[in-house]
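These are the residues of each chain, in order.
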Amino acid sequence: MPREPRVFTACTVEFDRLGKRVRATTQDISRSGVFVRTDEYLPVGDVLELTLVLPSGEKVALISRVAHLLSAAAARALGRQAGMGFELLEQDGEKRVRLNAYLDTLLDGPKLAPGGGGPEPVRVLVADSSTRLLERLST
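Residues numbered from 1 in each chain as written. Predicted model: local features only at pLDDT ≥ 70, side-chain atom pairs only at ≥ 80, totals over all residues. Heavy atoms only, no water.

Attention now goes to the nonpolar core. With 23 residues, the main nonpolar core has Phe15, Ile29, Val34, Leu52, Phe86 and Leu99 as its most contacted residues. Of all elements in the fold, only β1 (12–17), β2 (20–29), β3 (33–37), β4 (47–53), β5 (59–70), β6 (83–88) and α2 (93–107) reach the threshold of two or more residues within this core. (Core = buried A, V, L, I, M, F, W, Y, C linked by side-chain atoms within 4.5 Å. Buried < 20%, exposed > 50% of the residue type's maximum accessible area, 1.4 Å probe, protein only. Helix = DSSP H or I, 4+ residues; strand = E, 2+ residues; numbered from the N terminus.)

A word on the confidence of the model for the protein. This prediction gives the protein a mean pLDDT of 82; 83% of its residues lie at or above 70. Considering only residues more than four positions removed or in separate chains, one finds that residues 110–118, a stretch of pLDDT under 50, has four contacts. (pLDDT = per-residue confidence, 0-100. Contact = heavy atoms within 4.5 Å.)

With that out of the way, let us pick up the environment of Gly45. Here Gly45 shows up in the loop between β3 and β4. Classification of Gly45 by relative accessible area gives partly exposed; the value is 36%. For Gly45 and Ser64, which are 19 residues apart along the polypeptide, the C-alpha to C-alpha distance reads 9.5 Å. Setting aside chain neighbours within four positions, we find Gly45 in contact with Arg65 and Val66.

Scanning the entire structure with this criterion turns up ten salt bridges. For Arg21, the salt bridge identified is with Asp16, shortest N-O distance 3.4 Å. In this structure, Lys20 and Glu40 form a salt bridge, with 3.2 Å as the shortest nitrogen-oxygen distance. One end of the pair, Lys20, is in strand β2; the other, Glu40, is in the loop between β3 and β4, with 20 residues separating them in the sequence. Accessibility expressed as a relative area gives 19% for Glu40, which makes it buried. Where salt bridges share partners, they join Glu14, Asp16, Arg21, Arg23 and Lys59 into one cluster. (Salt bridge = Lys/Arg side-chain N within 4 Å of Asp/Glu carboxyl O.)

Rendered as C-alpha cells:
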C-alpha cells in the first residue's frame with residue numbers, strides 16, 4: 001500500500017500534557033498523520049485531542065494517537081528535529097473536509113494548460129564533499 005504524501009509545513013499545534021497546554025510546530029503532515037517538533041513527549045499509544053492551527057488562523061481539533069517518538073539524540077543522527085508522530089484517528093466529516101481542503105491546496109501541483117504538455121521536468125544537482133551528507137541529500 002503506497003504511503004500517504006506528506007507535506008512539509010509549519011503549522012502551530014496545541015495539545016495538553018500533564019495539565020499544561022503545549023504549543024508546538026508541525027514538521028510535516030499527511031491525511032493520516034502529523035509529525036510535531038517538540039521535546040514535550042507523551043507516551044506512545046496515548047489518545048488525545050490535537051488542535052491544528054491552519055495558516056488562516058482556523059483551528060481544527062483532531063483526535064489522534066501518539067504513534068512514535070523521536071528523541072533528540074535519534075533526531076540528530078537522522079538530521080531531523082526531535083518530536084512525536086501522531087496518527088490521525090477517524091474524524092467527523094466537517095473536520096476531515098477542512099483538513100483535506102488545506103492539504104489539497106498544498107498538494108496541488110502546477111495546473112496544466114488546456115491542450116498543452118506537462119510542466120518542464122526539473123533536474124537537481126546535489127554536490128557536497130561529505131559522502132554521508134551527499135547520500136542523505138540524494139535520497
